[in-house]
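The residues making up each chain are set out below.
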Amino acid sequence: MRNLTNFLAISALALTLVLSGCTKNEVDPEPADLVIGSYSGTAYSESINGVAQSLDLTNSVIKDNVAISFDVAKKASNMLTLVLSISQRDSTGTMQTYNDTYDSIELKSLGNGDYEMLSDGIHVGQIGNSTLTLEETYPDTDDSGNTIQVTVKIAATKKQ
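Given the structure is predicted, the values throughout are model-derived calculations rather than measurements.

Asks: Go over the pattern of salt bridges with me, naming the residues and quoting the values.
Replies: The full count for this structure, using the stated rule, is 3 salt bridges. The residue Asp 33 makes a salt bridge to Lys 74 at a minimum N-O spacing of 3.2 Å. Taken together, the positions of Asp 33 in helix 2 (residues 31-35) and Lys 74 in strand 3 (residues 66-76) put the pair 41 residues apart, joining distant regions of the chain. The class for Asp 33 is partly exposed, based on a relative accessible area of 35%. Here Lys 74 falls in the partly exposed class, since its relative accessible area comes to 36%. Notably, a salt bridge pairs Asp 103 with Lys 75, separated by 2.8 Å at the nearest N-O pair.

Asks: With reference to specific residues and values, describe the layout of surface pockets.
Replies: There is about 160 Å³ of room inside the largest pocket. Surrounding the largest pocket, 13 residues form its lining, Leu 84, Tyr 102, Glu 136, Val 152 and Ile 154 being those nearest its centre. Those elements giving two or more residues to the lining of the largest pocket turn out to be strand 1 (37-48), strand 4 (79-89), strand 5 (95-109), strand 8 (131-141) and strand 9 (147-158). Partitioned by chemical class, the residues of the lining of the largest pocket number 9 nonpolar, no polar and 4 charged.

Cut-offs used in this document
Residues numbered from 1 in each chain as written. Predicted model: local features only at pLDDT ≥ 70, side-chain atom pairs only at ≥ 80, totals over all residues. Heavy atoms only, no water. Salt bridge = Lys/Arg side-chain N within 4 Å of Asp/Glu carboxyl O. Helix = DSSP H or I, 4+ residues; strand = E, 2+ residues; numbered from the N terminus. Buried < 20%, exposed > 50% of the residue type's maximum accessible area, 1.4 Å probe, protein only. 1 Å grid on protein atoms, 1.4 Å probe; cavity = no way out; pocket = protein on both sides within 12 Å on 5 of 7 lines; lining within 4 Å. Points joined across faces, edges and corners; volume = space filled by probe spheres on them. Nonpolar A, V, L, I, M, F, W, Y, C, P; charged D, E, K, R; others polar.

By themselves, these are just geometric observations and shouldn't be taken as functional.
Dropping the structure here:
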């Protein structure tokens, strides 16, 4: 009887050890995994020396002539490669496409599911919760050769 009791005690201990080693550890997704995908432009605004003009890219007349999209790919756990595509119908009716690649966008958590996007430590927008906003400010010159300040802001939503 003593052997049976010892066997049952050892079996119970072994079973406890086996079951306690099988706990399920959930791994939190990396920031880049939460935001990768394709996004469609919804709004475009451009400000020159503080004078702004905006386009509603969801308006049927505009979206037949201008299309903006982003492809967001993971580069590392908190790094993205972002490809911006802007297509615009020219005077012959042909859509002309311009692509720009942002190769190393760093994600910095804002704590609410959104991430600040940084390029070389400089704020270039925000992404998260199925939205993306890209913002850039740069100096340029007008037709008369005067220095101007240009700010471009593009809003987009994630394609389902």
